[in-house]
Amino acid sequence: ALVSSPEQVRFPSPSKKKKKNHLVPSLIGNARFTSSKIPLFKEDSVSMSRPFGLKDYRKIYERSIEDPAGFWSEIASQFYWKEKWDLEVYSENIDVRKGSIKFEWFKGASTNISYNTLDRNIEAGNGGKVAIYWEGNEPDDDGQLTYLELLERVCQLANYLKHVGVRKGDAVIIYLPMLMELPIAMLACARIGAVHSVVFAGFSSESLSQRIIDCKPKLVITCNAVKRGSKAIHLKDIVDSALRESAKNGVTVDLCLTVENKSAMKRGDTKWKEGRDIWWQDVVPHFPTKCDVEWVDAEDPLFLLYTSGSTGKPKGVLHTTGGYMVYTATTFKYAFDYKPSDIYWCTADCGWITGHSYITYGPLLNGATVVAPNYPDCGRCWDIVDKYKVTIFYTAPTLVRSLMREGDEYVTRHDRKSIRVLASVGEPINPSAWRWFYNVVGNSRCPISDTWWQTETGGLMITPLPGAWPQKPGSATFPFFGVQPVIVDEKGNEIEGECSGYLCIKKSWPGAFRTLYGDHERYQTTYFKPFAGYYFTGDGCSRDKDGYFWLTGRVDDVINVSGHRIGTVEVESALVSHPQCAEAAVVGIEHEIKGQGIYAFVTLVEGVPFSEEIRKSLILSVRNQIGAFAAPDKIHWAPALPKTRSGKIMRRILRKIASRQLDELGDTSTLADPSVVDQLIALADF
Ligand code: WTA
């Protein structure tokens, strides 16, 4: 029985009266999975006549676990495949003890995700439907593209890319802010079988060059500058210096296709390297608006996306085509209860996985209309919701918390009646933010899909289906179809019932990443060796008596700042690259808005006194090496760090000091020099 918890929120039963405005379905909070053009399940029929509930979910879920091949191939057959897959729908080895890790879905089939996103929807009669509404930096700076227009622009760029010699399997780095050209570039690469690697435009030139050196792209696509608020960021300068750095490391890129972003910077002011730099506007529009697709194997790579791990070097997470396509489209449809009349807004940036799976691919595969703002200023949030009559609003807890701090008035003075589903991603959503999101933003009538997933998983893994079962604020509830999460103890034994431990996944799923680019060994070591027989997520998790999953945050050296994944080691290496920094240890601390903040202990080179200037230049060093979003919130001067006799830094103690839990320091007697701890506490300015 799923009742009795005071934390639970039940959704009202669907009203019988049909409302006229189709943007506000009468079934608020109690989804019926009926009206899609693509009937995904035979079981859809079970929910035709009554709301979709826990029983229906369980039935479908059980089938998805018992017969993954039948289940997923039935869904997959709704897409266009040039050729069908081999007899085996999938094959997997998730157990390192049995050899190399391998996940394959729909192997042998050929398809194209750009075709399925654009051509397929246009053939179904959706050519005139708006695919993307775009909002610029200024409220009156907006635009839109229909499916047909999007296809034409994608084809022009695809033709250009072919013209300059980009072939199937070549990597293309895209370093763009949220301009229309970003999803266009992703889809153009996919159309010709090139592998895109989008680098979030907040990353520094160091980080960008690291990624260029790793994947050796045929070209880089960028823009001259972007405005953030009143400030213009010169992205092209950042690319220039990244390309200089890559060249020093033996990786030269001959072509830099640059979008002229007029609202931020004029052509004439842009630094230019003749022969290498080309203005997008000068070449791309001259190419034909039709471009044949390159049919690729379902297991051919679609994209690389670099993400942070527990070591310094970012990991190139590789996703392939077929399984990712099927998985993102299906999760989108179900977890957001998508209907063709919906207007969907996800506040993420295409530079992160959320923007890949739930701006570009998942929604557009479903023929949805997406709102994509360039500058999601909090104050403008509800203006945009009302302007476009947004029905599904997907955001991150950090945004919810920062809006919450501004007060209800900013929200309540807007209409917001169009919204029917709210959703959250990126970090655990604390119950008070959840309640505010539910009560104030959603007027206590919209279910919240708290979606847990990762760059590696491709699509969401644990999530409510809107209105299908009672929610508990802060719980991502139950696994999506086909996903088998388990909780294991330190030794890797599965634990049942009410418990807490490490979150692992037991079987492969179509959206799973297939390797780390160029380093299958690291893939196996990081994810499949810690608990043999499982994919290890790096997250802690508990399950309550009703079987609800509660994600409790990372258990490794990864911190999650405003939903951005940052490795502590990355920040540490940026700090120690500062000439006056001898050693650094970074830990995450609780942060009211960002979820987690970055707290850095630094030891300076012998004889250098700690000062405000040093503090600033250390922070600058991190901004330059990673990006502004990774700047430490706190620099704590540490004449020495607490180490064991074997020289290992005791982070446990540092975490306690950083979070001011001084009475919980625990045993410090194993330290080489226990007096270091008192010294650190004395130097803290709490
Ligand atoms: C965290 C983002 C709790 C988690 C899609 C995971 C969450 C990491 C949630 C992945 C959620 C994401 N509840 N924690 N709903 N969603 N996380 O790769 O720690 O940027 O491991 O993918 O974010 O971050 P990534």
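Cut-offs and rules
- Residues numbered from 1 in each chain as written.
- Predicted model: local features only at pLDDT ≥ 70, side-chain atom pairs only at ≥ 80, totals over all residues.
- Heavy atoms only, no water.
- UniProt positions renumbered as here; feature names shortened; annotations may be inferred.
- Helix = DSSP H or I, 4+ residues; strand = E, 2+ residues; numbered from the N terminus.
- Rg over C-alpha atoms; globule rule 2.2 N^0.38 Å.
- Buried < 20%, exposed > 50% of the residue type's maximum accessible area, 1.4 Å probe, protein only.
- Contact = heavy atoms within 4.5 Å.
- Areas by Shrake-Rupley, 256 points an atom, 1.4 Å probe, with all protein chains shown as cover.
- Lys, Arg positive; Asp, Glu negative; His and termini not counted.
- Charge placed at Lys NZ, Arg CZ, Asp CG, Glu CD.
- Near = heavy atom within 4 Å.
- Polar contact = N/O pair within 3.5 Å; in protein donor to acceptor, adjacent residues only side chain to side chain.
- Nonpolar A, V, L, I, M, F, W, Y, C, P; charged D, E, K, R; others polar.
- 1 Å grid on protein atoms, 1.4 Å probe; cavity = no way out; pocket = protein on both sides within 12 Å on 5 of 7 lines; lining within 4 Å.
- Points joined across faces, edges and corners; volume = space filled by probe spheres on them.
- Pairing = 2+ DSSP bridges.
- Right-handed = clockwise from strand over helix to strand, strands pointing away.
- Salt bridge = Lys/Arg side-chain N within 4 Å of Asp/Glu carboxyl O.
- Axes fitted to C-alpha atoms, helices over the stretch in contact; angles between N-to-C directions.
- Parallel < 35°, antiparallel > 145°, perpendicular 65-115°, else oblique.
- Left-handed = near helix turned anticlockwise from the far one by under 90°.
- Core = buried A, V, L, I, M, F, W, Y, C linked by side-chain atoms within 4.5 Å.

In the annotation of an unreviewed UniProt entry, the entry for the protein chain reads Acetyl-coenzyme A synthetase, and the organism field reads Zingiber officinale. Comment text from UniProt for the protein chain, heading Sequence similarities (unreviewed entry), reads "Belongs to the ATP-dependent AMP-binding enzyme family."

(A) Spatial organisation of the overall build of the protein chain. When its secondary structure is counted, the protein chain shows 19 helices and 31 strands. Against the globule reference of 26 Å for 686 residues, the protein chain gives a C-alpha radius of gyration of 25 Å, in line with a compact fold. Structurally, the protein chain occupies a C-alpha span of about 70 × 70 × 60 Å along its principal axes. Across the 686 residues that make up the protein chain, the buried fraction comes to 62%. Across the protein chain, the fraction of contacts at a sequence separation of at least 24, relative to all contacts at a separation of at least 6, is 71%. Just so you have it, the protein chain exposes about 26,100 Å², and 50% of that area is on carbon and sulfur atoms. Charged side chains in the protein chain number 82 positive and 81 negative. The centres of these two groups are separated by 4 Å.

(B) Main features of the site of the ligand. Neighbouring the ligand are 17 residues, the closest being Asp450, Thr451, Thr455, Asp539 and Arg565. Gln454 places a side-chain nitrogen or oxygen 2.9 Å from an oxygen atom of the ligand. Between the ligand and Thr455, the relevant distance is 2.5 Å, taken from an oxygen atom to a side-chain nitrogen or oxygen of the residue. In isolation the ligand exposes 530 Å². Once the protein is present, 96% of that is buried. The set of elements that each furnish at least two residues to the shell around the ligand consists of α10 (353-365), β20 (448-451) and β26 (549-554). Looking at the shell around the ligand, its residues break down into six nonpolar, six polar and five charged.

(C) Representation of the layout of surface pockets within the structure. Volume-wise, the second largest pocket comes out at about 500 Å³. Around the second largest pocket, the lining comprises 19 residues; the ones closest to its centre are Tyr61, Pro479, Pro485, Arg543 and Phe549. Among the elements that take part in the lining of the second largest pocket, helix α1 (residues 54-66) stands out by supplying five residues, more than any other. Class assignment for the residues of the lining of the second largest pocket results in 10 nonpolar, three polar and six charged.

(D) Here's a closer look at the pairing of β20. Side chains Ile448 and Asp450 project from β20 onto one buried face, and the interleaved Ser449 and Thr451 project onto a second face that is buried too. Relative to β20, strand β19 (residues 421-425) runs parallel, the two sharing four bridges. Looking at β20, one finds that Ala423 is bridged to Ser449. Between the parallel elements β19 and β20, the chain passes through helix α14 (residues 431-441) in a crossover that is right-handed.

(E) Broad picture of the side chain of Ser204. Tracing the backbone through its elements, the reader meets Ser204 in the loop between β7 (195-198) and α6 (205-215). For Ser204, the side chain forms a polar contact with the main-chain oxygen of Asn624, separated by 2.7 Å. Excluding its chain neighbours within four sequence positions, the residues that come into contact with Ser204 are Ile238, Arg623, Asn624, Gln625, Ile626 and Gly627.

(F) Broad picture of the environment of Val561. Positionally, Val561 belongs in strand β27 (residues 558-561). In sequence terms Val561 and Ala630 are 69 residues apart; their C-alpha atoms lie 7.8 Å from each other. If we ignore the near neighbours within four places in the chain, the residues touching Val561 are Ile566, Lys594, Gln596, Ile598 and Phe629.

(G) View of the pattern of salt bridges. Overall, the coordinates contain 41 salt bridges when judged by the stated rule. For the salt bridge of Asp119 with Arg191, the shortest nitrogen-to-oxygen distance reads 2.9 Å. Within this pair, whereas Asp119 is found in helix α3 (residues 113-126), its partner Arg191 is found in helix α5 (residues 181-192), the two being separated by 72 residues in sequence. There is no split in this pair, since Asp119 and Arg191 are both buried. Between Lys387 and Asp142 there is a salt bridge whose closest N-O contact spans 2.6 Å.

(H) The arrangement of the packing of α5 against α10 in detail. Look at α5 against α10: their axes get within 11 Å of each other, and the N-to-C directions meet at 60°. Here α10 runs oblique to α5, going by the angle between their axes. Every pair of crossing elements has a handedness; the one defined by α5 and α10 is right-handed. On the side of α5, the interface is formed by Pro183, Met186, Leu187 and Ala190, while α10 contributes His356, Thr360, Tyr361 and Leu364. Within the contact of α5 with α10, the residues separate by chemical class into six nonpolar, two polar and no charged.

(I) Structural context of the pairing of strand β8 (residues 219-223). Here β8 lies mainly inside the structure; five of its five residues are buried. Every second residue of β8 is oriented toward a common face, with Leu219, Ile221 and Cys223 on one face and Val220 and Thr222 on the other, all of them buried. Here strand β6 (residues 171-175) runs beside β8; their pairing, made up of four bridges, is parallel. Directly across from Ile174, in β8, lies its bridge partner Ile221. For β8 and strand β11 (residues 256-259), the ladder comprises four bridges, and the chain directions are parallel. Residue pairing in the sheet places Val220 in a bridge with Cys256 of β11.

(J) Main features of unusual backbone geometry. Located in the positive-phi region is Ser444, a residue other than glycine, with phi close to 55°. Residue Ser444 is classed as partly exposed on the basis of its relative accessible area of 35%. Located in the positive-phi region is Ser562, a residue other than glycine, with phi close to 50°. The topology assignment puts Ser562 in the loop between β27 and β28 (564-567).

(K) Main features of the nonpolar core. Among the nonpolar cores identified, the biggest contains 174 residues, and Trp81, Phe106, Leu150, Leu157, Tyr394, Phe481 and Leu575 are the most heavily contacted of them. Excluding residues within four positions of it along the chain, Leu150 makes contact with Leu118, Ala131, Ile132, Leu145, Ile184, Leu187 and Leu364. Among the nonpolar cores identified, the runner-up in size contains 28 residues, and Tyr133, Val440, Val441 and Ile448 belong to it.

(L) Focus on the sheet that holds β19. Read across the sheet, seven strands follow the order β5-β4-β17-β16-β18-β19-β20 without closing on themselves; strand pairing throughout is mixed. The sheet is open, and its two edges are formed by β5 (142-146) and β20, each paired on a single side. Neighbour-to-neighbour, the strand axes of this sheet turn through a mean angle of 20°, independent of strand direction. Of the strand pairs in this sheet, strand β4 (residues 130-135) and strand β17 (residues 369-373) are connected by four bridges, and their pairing is parallel. Bridge pairing links Trp134 to Ala372 in β17.

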